[in-house]
Structures are given as C-alpha cells and as structure tokens.
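Chain residues, written in single-letter form:
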Amino acid sequence: MYSSLHQIYYQSPIGTIEIIGTEVAVYSIMFSEKGRTENRIDSETPESLKLCFQELDEYFKGERYEFTFPFKYEGTNFQQTVWNALKEIPYAGTSSYKEIAVSIGNVKAIRAVGNANGKNKLSIVIPCHRLIGTNGKLTGYAGGVWRKEWLLQHEKNFKKE
C-alpha cells in the first residue's frame, strides 16, 4: 500500500502534530499525545512532508488559508464523499453534520457523516474542526473539543475580509 513511510512532528500552539507520509503524499496529520517531539527535518525527509510542515506553520501564523501539498486519504467511497464535502467549507466558516448530509444527497446520513468525520486522518487540511452541531454547538473532535474551539477562533482572527 505505501512505499517507505516517514514521520515528522510539528509543534503547534495547541500541541504536537504527527505528520506521516511518503515521497508521494502525506497520509496522516494527527494531534499526538506523545509530548514534545523534536521537529526533525533532514535530507531523508520527503518533499511532501517538508511542504506539509511549512504549510502548517504558515497556517498557524495566520498566513495560509488553503493547503497545496500533496496528500491522499483512504477510506470508503462514502467517507471520501464526506471528506470532499468538508474541503468545501470555507476558511473560518462552519457547517453542520446535517448540512453536509444534505450536500452529499443523503439527508438521513447525519450520523454516518459524523462517523466518517471521525475517521478523517488529515486534521486541519480536511477541516473536520469546521463541522458543528445543527444547534450551533461544538461537538466532538478527535483532537479534543478545546482544540476545535481554538482552531475556529484562530481562523476567525485571521480571516481575510
């Protein structure tokens, strides 16, 4: 499935992010509870991971609103449909599980949308943090609801007018 996997760590303002990928693409960007791990980029680090690291750094500095590094997600057709819909939520915007279910043509799939959202391995890039409850309240987030709240506020602070 993968050629040689590499991993690096990015120290974000809200914790360590583990980036995993190959020379072709990034496959996982997840918050890690391993504690501080050095940001070690060396001659062996694939360009895809270097670009991801750089773009995450720009995102956290409020300088990047979209990601361009190569990434790939693997999941069922339904999961990929949900993840594609999540990518359409604009920077600093939000959408509800119900709105995503409607947008993919399956209004009854609200729970399935939530389940697919929870299987997203490309945090921030596939912006699952922008998904909120129909009532406007923040709901679960794999990195913790406090991180979701921080990310939404961060994007509001740097939103282009």
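Our structure is the block above this text.
Since the structure is predicted, the reported quantities are computational estimates derived from the model, not experimental observations. (Residues numbered from 1 in each chain as written. Predicted model: local features only at pLDDT ≥ 70, side-chain atom pairs only at ≥ 80, totals over all residues. Heavy atoms only, no water.)

1. Considering the overall build of the protein
Phase 1 of the analysis: Summing up its helical and strand segments, the protein has five helices and five strands in all.
Phase 2 of the analysis: The secondary structure elements of the protein, listed N-terminal to C-terminal, are β-β-β-α-α-β-α-α-β-α.
Phase 3 of the analysis: Relative to a compact globule of 161 residues, whose C-alpha radius of gyration would be 15 Å, the protein shows 16 Å and is just as compact.
Phase 4 of the analysis: Projecting the C-alpha coordinates of the protein onto the three principal axes gives extents of approximately 50 × 35 × 30 Å.
Phase 5 of the analysis: Of all intrachain contacts in the protein linking residues separated by at least 6 positions in sequence, the fraction that spans at least 24 positions is 56%.
Phase 6 of the analysis: A total accessible area of about 8,700 Å² is found for the protein, and carbon and sulfur atoms account for 48% of it.
Phase 7 of the analysis: Charged side chains of the protein number 20 positive and 18 negative; the gap between the two group centres comes to 9 Å. (Helix = DSSP H or I, 4+ residues; strand = E, 2+ residues; numbered from the N terminus. Rg over C-alpha atoms; globule rule 2.2 N^0.38 Å. Contact = heavy atoms within 4.5 Å. Areas by Shrake-Rupley, 256 points an atom, 1.4 Å probe, with all protein chains shown as cover. Lys, Arg positive; Asp, Glu negative; His and termini not counted. Charge placed at Lys NZ, Arg CZ, Asp CG, Glu CD.)

2. Thoughts on the nonpolar core
Phase 1 of the analysis: Residues Ile17, Ile19, Ile29, Leu56, Leu86 and Ile124 are the most contacted members of the largest nonpolar core, which totals 37 residues.
Phase 2 of the analysis: Contributing elements (two or more residues each) for this core: strand 1 (6-12), strand 2 (15-21), strand 3 (26-31), helix 1 (47-60), helix 2 (77-87), helix 3 (97-103) and helix 4 (110-118).
Phase 3 of the analysis: It is helix 1 that provides the largest number of residues to this core, a total of six residues. (Core = buried A, V, L, I, M, F, W, Y, C linked by side-chain atoms within 4.5 Å. Buried < 20%, exposed > 50% of the residue type's maximum accessible area, 1.4 Å probe, protein only.)

3. Description of the sheet that holds strand 1
Phase 1 of the analysis: What the three strands build is an open sheet, ordered 1-2-3; its pairing is antiparallel. Each edge of the open sheet is held by one strand with a lone partner, namely strand 1 and strand 3. In this sheet, adjacent strand axes meet at a mean angle of 20 degrees when their direction is disregarded.
Phase 2 of the analysis: Pairing of strand 1 with strand 2, which is carried by seven bridges, proceeds in the antiparallel orientation. Along strand 2, the bridge assignment pairs Ser12 with Gly15.
Phase 3 of the analysis: Across the face of the sheet, helix 1 comes into contact with strand 1, strand 2 and strand 3 while running at roughly 10 degrees to strand 1. (Pairing = 2+ DSSP bridges. Axes fitted to C-alpha atoms, helices over the stretch in contact; angles between N-to-C directions.)

4. What to know about the packing of helix 2 against helix 4
Geometry of a packed helix pair, given as the angle between the helix axes and the separation of the axes.
Phase 1 of the analysis: One way to put it is that helix 2 packs onto helix 4 with a least axis distance of 9 Å and a crossing angle of 85 degrees. When the axis of helix 2 is compared with that of helix 4, the two are roughly perpendicular. Where helix 2 approaches helix 4, its residues Phe78, Gln79, Val82, Trp83 and Leu86 are matched on the opposing element by Ala112, Val113, Ala116 and Asn117. (Parallel < 35°, antiparallel > 145°, perpendicular 65-115°, else oblique.)

5. Points about unusual backbone geometry
Phase 1 of the analysis: Residues other than glycine seldom take positive phi values, yet Ala92 does so here, at roughly 70 degrees.
Phase 2 of the analysis: In this fold, Ala92 is placed in the loop between helix 2 and strand 4 (95-96).
Phase 3 of the analysis: Despite not being glycine, Ile124 has its phi angle at roughly 75 degrees, a positive value.
Phase 4 of the analysis: Residue position: Ile124 is located in the loop between helix 4 and strand 5 (131-132).
Phase 5 of the analysis: A relative accessible area of 2% means that Ile124 is categorised as buried.

6. Re helix 1
Phase 1 of the analysis: In a regular helix each residue adds 1.5 Å, so 14 residues correspond to 20 Å; helix 1 covers 20 Å between its end C-alpha atoms and thus fits that length.
Phase 2 of the analysis: All of the buried residues along helix 1 are Ser48, Leu49, Cys52, Phe53, Glu55, Leu56, Glu58, Tyr59 and Phe60.
Phase 3 of the analysis: For helix 1, the secondary structure elements touched by its buried residues are strand 1, strand 2, strand 3 and helix 5 (145-158).
Phase 4 of the analysis: Positive backbone phi, approximately 80 degrees, marks Gly62, located one or two places after helix 1. (Expected span 1.5 Å × (residues − 1).)

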